[in-house]
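The chain contents come next:
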Amino acid sequence: MAAPDIKTIVNGINIKQSFAIQNQIRDGGDGELAKPRYQATVVWDSGYHTTSNVTDGQIIIGDEPVHYGGEGMGITPQDLLLTAVGHCLAASYIGGLSAARINVESLHVHVSGRVNFRAAFAVEPGNPGFEDISVIVEIQTDAPQEQVTALLEKLKHMAPIPDTIMRPVPVNIEIRHQLK
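Notes on the structure follow. (Residues numbered from 1 in each chain as written. Predicted model: local features only at pLDDT ≥ 70, side-chain atom pairs only at ≥ 80, totals over all residues. Heavy atoms only, no water.)

1. Description of the overall build of the protein
Looking only at helices and strands, the protein has 5 helices and 7 strands in total. Starting at the N terminus, the α and β elements of the protein follow one another as β-β-α-β-β-β-α-β-α-β-α-α. What you see for the protein is a C-alpha radius of gyration of 21 Å, clearly larger than the 16 Å of a compact globule of 180 residues, by over 25%. Oriented by its inertia axes, the alpha-carbon framework of the protein measures out at about 75 × 35 × 30 Å. Excluding contacts between residues fewer than 6 apart, the proportion of contacts in the protein whose partners are at least 24 apart in sequence is 47%. (Helix = DSSP H or I, 4+ residues; strand = E, 2+ residues; numbered from the N terminus. Rg over C-alpha atoms; globule rule 2.2 N^0.38 Å. Contact = heavy atoms within 4.5 Å.)

Written out as structure tokens, the structure is:
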């Protein structure tokens, strides 16, 4: 009797390739695949407008909305952070659901939060960052709700970006000033 045909592509993810990558990470110690270095170079253009080049060469245009003194010509740092949280959760969820052979019809990750601009604009003392971040996940699959919910609960702890902002991570800033 032949072995059952196990679907290789689930939700657009090549499962065999994913497990091969997981094995390479497991066997590769602390090498570049296991602990890759990401980087971004942000160049100030004018006003609040910036151009960023990220790890793989993509370009991101940043700006502040007009009502905060920008030109509204790019994404805000706050939106970038929320997008990073949502994208990371979506990637972690879809990867894990695919490995479990659960077909996903739709996945929407809604991420929101309030920023304390009273502190950011020195109107009052306090922390100028997000006061909280809320995530709502809307998902439609071919698996029972209890199974999906349990798996997503497990997977949320494996998402690097939410993990990074939920725990203290050192941010080291070095200033290299040059006179004109």
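2. Notes on the pairing of strand E3 (residues 40–46)
Taken together, the 6 bridges between E3 and strand E4 (residues 49–54) define a ladder with antiparallel strand orientation. Directly across from threonine 41, in E4, lies its bridge partner asparagine 53. (Pairing = 2+ DSSP bridges.)

3. Points about the packing of aromatic side chains
Scanning the entire structure with this criterion turns up 3 aromatic pairs. With a centroid separation of 4.7 Å and an interplanar angle of 80°, the aromatic rings of tyrosine 68 and phenylalanine 117 are classed as edge-to-face. Of this pair, tyrosine 68 sits in the loop between strand E5 (59–62) and helix H2 (77–99) while phenylalanine 117 sits in helix H3 (residues 117–120), placing them 49 residues apart in sequence. Looking at tyrosine 68, the relative accessible area reads 34%, which means it is partly exposed. (Phe/Tyr/Trp six-rings, centres within 6.5 Å; stacked < 30°, edge-to-face > 60°. Buried < 20%, exposed > 50% of the residue type's maximum accessible area, 1.4 Å probe, protein only.)

4. Quick look at the sheet that holds E5
Across the sheet, which stays open at both edges, the 3 strands sit in the order E3-E4-E5 with antiparallel pairing between neighbours. The open sheet has two free edges, formed respectively by E3 and E5, since each of these has just one partner strand. Between one strand axis and the next, the sheet turns through 20° on average, direction left out of account. (Axes fitted to C-alpha atoms, helices over the stretch in contact; angles between N-to-C directions.)

5. Here we look at the side chain of serine 98
Here serine 98 is to be found in helix H2. Judged by its relative accessible area of 0%, serine 98 falls in the buried class.

6. Comments concerning the pairing of E5
Relative to E5, E4 runs antiparallel, the two being bridged by 4 bridges. Bridge pairing in E5 places threonine 51 opposite isoleucine 61. Where E4 hands over to E5, the hairpin turn is made up of 4 residues, of which glycine 57 adopts a positive phi near 95°.

7. Section: the pattern of salt bridges
Pairing of side chains with opposite charge becomes possible as their charged atoms draw close. Counting across every chain of the model gives 5 salt bridges. Of the charged contacts in the structure, one is a salt bridge between arginine 167 and aspartate 163, with a shortest N-O distance of 2.8 Å. The class of arginine 167 is partly exposed, set by a relative accessible area of 41%. Here aspartate 163 falls in the partly exposed class, since its relative accessible area comes to 29%. A salt bridge links glutamate 174 to arginine 176; the shortest N-O distance between them is 2.8 Å. Of the two residues examined, glutamate 174 and arginine 176, each falls in the exposed class. (Salt bridge = Lys/Arg side-chain N within 4 Å of Asp/Glu carboxyl O.)

Function cannot be read off these values alone, since they describe shape.
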